[in-house]
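# Analysis of the macromolecular model
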Amino acid sequence: MSGHKTLEDLFTAVGLEGLRVLIRADLNVPMQDGKVSDATRIERVAPTLKELAARGAKVIVLSHFGRPKGAPDEKYSLKPVADALGAHLGIETSFAADCIGETAARAIEAMKPGTVLVLENTRFHAGEENNDPGFSEALARNGNVYINDAFSCAHRAHASTEGITHFLPSYAGRAMEAELSALDAALGNPKRPVVAIVGGAKVSTKIALLGNLVKKVDALVIGGGMANTFLAAQGKKVGKSLCEPDLFDTARHILANARAAKCDIVLPIDVVIAREFKAGAETQTVAVDNVPEDAIILDVGAQTIAHLGERFQEAKTIVWNGPLGAFEVPPFDRGTTEAARIVAERSKRGELVSVAGGGDTVAALNEAGAADDFTYVSAAGGAFLEWMEGIELPGVAALSRR
Ligand code: AMP
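Residues numbered from 1 in each chain as written. Predicted model: local features only at pLDDT ≥ 70, side-chain atom pairs only at ≥ 80, totals over all residues. Heavy atoms only, no water.

### Examining the sheet that holds strand β5 (residues 93-96)
- One open sheet accounts for six strands, arranged β5-β6-β4-β1-β7-β8; its pairing is parallel. Each edge of the sheet is formed by a strand with only one pairing partner; in this case those strands are β5 and β8 (170-172). Strand-to-strand twist in this sheet, taken as the mean axis angle between neighbours without regard to direction, amounts to 25°.
- For strand β1 (residues 20-24) and strand β4 (residues 58-62), the ladder comprises five bridges, and the chain directions are parallel. If you follow V21 over to β4, its bridge partner there is V59. (Pairing = 2+ DSSP bridges. Helix = DSSP H or I, 4+ residues; strand = E, 2+ residues; numbered from the N terminus. Axes fitted to C-alpha atoms, helices over the stretch in contact; angles between N-to-C directions.)

Here you go:
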């Protein structure tokens, strides 16, 4: 695990009363009609903010919000999110209309110890995404120490995630720490056998992911539309299914690498097909050798699920990205739902460690009613995927250095 410092190190190093603690949160929450429509990200950072406020720190929150073009844009103001954060925390929370300079300095000066201040969107300055040292230093002037609690932003080397660590003592917050230890338990230092499940639409978006996983896991389950490309690369007919013929060589290459690394590749044995892709369409389950020319593969079949169930029985660790079928459209959610429930059940009984994340995966597991029983479900999309691809995340590496 990376050698980053935690809040325990901070508490040992300095007294918190009146200390200006700058925290990078991910307040890039979904909004509808000016209101926060999903508070997951607020809930995740709340423990760190509460703990620091309870110790009398001046808790100063940095975040980006949306994609303004490096200049102020009212549409992307963090003000409404700051209000929602304050209501959630139940702690006095103020807002400053700029994240650097006089405006920020005055707001910080006016803070009482044990209160929270949200600074305006860091992306209102071009220096944020350019990781400009001058801007990083200006951000750093707001605090005595820096805490990163936004794993979901750690794949970007921006001023508020990386640049700032060159100017302040830097620590991981509680949410960051939880994410890093879950990831470590899944792929860093896992209990074996480890089974990875990768589903989703296309091989083309997951080549790096598959390449990294075959080196690290004992078995790799490939489902979703991407399994069609693997099946077709092995000479099977996939009818009108989603398929990427230009990636047949890549697929065969991945299979050869897996063999060399003694990673078992598990492909569907049977599949659910339909003639049209729509809710409630008439379906049939066929063996992968018997897919008719006019059929579309939209989910894994019952035999495949039963086989996965046996695989999951043996596993001590499961890491999951991507649905096994076109889960948004019933009945093609069944394979994903049933597999998720088996994993959830075994996780609940403490028989395995299960970590899932990235893109549609969280939505699919929520829909299956399985997310709560997984050991850890990452709310980070891109950062989770890059980590699964084996890429060093600059925001995490920065914490290890300092
Ligand atoms: P990804 O973002 O790569 O994880 O892909 C998720 C998408 O893959 C979801 O929208 C699913 O509907 C889609 N998907 C999964 N299985 C299939 C399939 N057999 N055919 C077409 N799309 C699929």
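And the narrative resumes.
### Description of the nonpolar core
- If you look at the biggest cluster of nonpolar residues, it comprises 73 residues, and the most contacted ones within it are F151 and L220.
- Residues lining this core come from more than one domain, with at least three contributed by each of domain 1 (7-176) and domain 2 (190-388).
- When near neighbours in sequence (up to four residues on either side) are disregarded, L220 contacts A196, V198, L210, L213, V214, C263, D264, I265 and V266. (Core = buried A, V, L, I, M, F, W, Y, C linked by side-chain atoms within 4.5 Å. Buried < 20%, exposed > 50% of the residue type's maximum accessible area, 1.4 Å probe, protein only. Domains from an automatic or database assignment. Contact = heavy atoms within 4.5 Å.)

### A few points about the domain arrangement of the protein
- One can read the domain layout of the protein as domain 1 (7-176) and domain 2 (190-388).
- Each of domain 1 and domain 2 has a C-alpha centre, and the two are 37 Å apart.
- With six residues of domain 1 in contact, the opposing surface of domain 2 contributes 10 residues.
- Counting across the interface, domain 1 meets domain 2 through zero salt bridges. (Salt bridge = Lys/Arg side-chain N within 4 Å of Asp/Glu carboxyl O.)

### Topic: the pairing of β1
- Of all the five residues making up β1, four are buried; the element is thus mostly covered by neighbouring parts of the structure.
- As paired strands, β1 and strand β7 (residues 145-148) are joined by four bridges and run parallel to one another. Bridged to V21 within β7 is V145.

### Let's talk about unusual backbone geometry
- In this structure, P193 follows R192 across a cis peptide bond, with omega equal to 0°.
- With respect to the helices, strands and loops of the structure, P193 is situated in the loop between α7 (174-188) and β9 (194-198).
- P330 connects to P331 through a cis peptide bond whose omega is 10°.
- The residue P331 is located in the loop between β15 (317-321) and α12 (334-348) in this model.

### With respect to the pattern of salt bridges
- Summed over the entire model, instances satisfying the criterion amount to 18 salt bridges.
- For K79, the salt bridge is made with D83, and the minimal N-O distance between the two is 3.1 Å. On the criterion of helical spacing, the pair formed by K79 and D83 is a turn pair, its members being four residues apart in helix α3 (residues 79-89).
- When the shortest N-O distance is used, the salt bridge between K278 and E276 registers 3.4 Å.
- Beyond isolated ion pairs, a larger network of salt bridges with shared partners links E8, E51, R174 and E177.

### Considerations on the packing of helix α2 (residues 40-54) against α3
- Interaxial distance between α2 and α3 falls to 10 Å at its minimum, and their mutual angle equals 65°. Once α2 is placed against α3, the crossing between them reads as right-handed. For the pair α2 and α3, the contacting residues are I42, E43, A46, L49 and K50 in the first and V81, A84, L85, H88 and L89 in the second.
- Here the contact of α2 with α3 is composed, by residue class, of seven nonpolar, one polar and two charged. (Left-handed = near helix turned anticlockwise from the far one by under 90°. Nonpolar A, V, L, I, M, F, W, Y, C, P; charged D, E, K, R; others polar.)

### Regarding the packing of aromatic side chains
- For the coordinates displayed, the defined rule picks out three aromatic pairs.
- Where W320 meets F374, the ring centres are 6.2 Å apart and the plane angle is 55°; that geometry is what we call tilted. Taken as a pair, W320 in strand β15 and F374 in the loop between α13 (361-367) and β17 (376-377) lie far apart in primary sequence, 54 residues in all. Both residues of the pair, W320 and F374, belong to the buried class.
- Aromatic pair F384 and W387: ring centres 5.6 Å apart, planes at 50°, arrangement tilted. (Phe/Tyr/Trp six-rings, centres within 6.5 Å; stacked < 30°, edge-to-face > 60°.)

### Here's the deal with the site of the ligand
- Every one of the 14 residues lining the ligand counts as a neighbour, but A201, K206, I297, G325 and E328 are closest to it.
- Between the ligand and A201, the relevant distance is 3.0 Å, taken from an oxygen atom to a main-chain nitrogen or oxygen of the residue.
- Bound to the protein, the ligand loses 80% of the 510 Å² it would expose on its own.
- Counted by class, the shell around the ligand contains six nonpolar, five polar and three charged residues. (Near = heavy atom within 4 Å. Polar contact = N/O pair within 3.5 Å; in protein donor to acceptor, adjacent residues only side chain to side chain. Areas by Shrake-Rupley, 256 points an atom, 1.4 Å probe, with all protein chains shown as cover.)

### Focus on the sheet that holds strand β11 (residues 264-266)
- Across the sheet, six strands lie side by side as β11-β10-β9-β15-β16-β17; this open sheet has parallel pairing. The open sheet is flanked by β11 and β17, the only strands paired with a single partner.
- Note that β9 and strand β10 (residues 219-222) share four bridges and pair parallel. Across the sheet, residue V195 finds its bridge partner in β10, namely A219.
- On top of the sheet, α12 reaches β15 and β16 (353-356); it is set at about 145° to β15, its chief contact.

### Notes on the environment of G90
- Tracing the backbone shows G90 in the loop between α3 and β5.
- G90 sits 111 residues away from A201 along the chain, and the two C-alpha atoms are 42 Å apart.

### Observations concerning the side chain of S170
- In this fold, S170 is placed in strand β8.
- Of the polar contacts made by the side chain of S170, one reaches the backbone oxygen of L168; its length is 2.9 Å.

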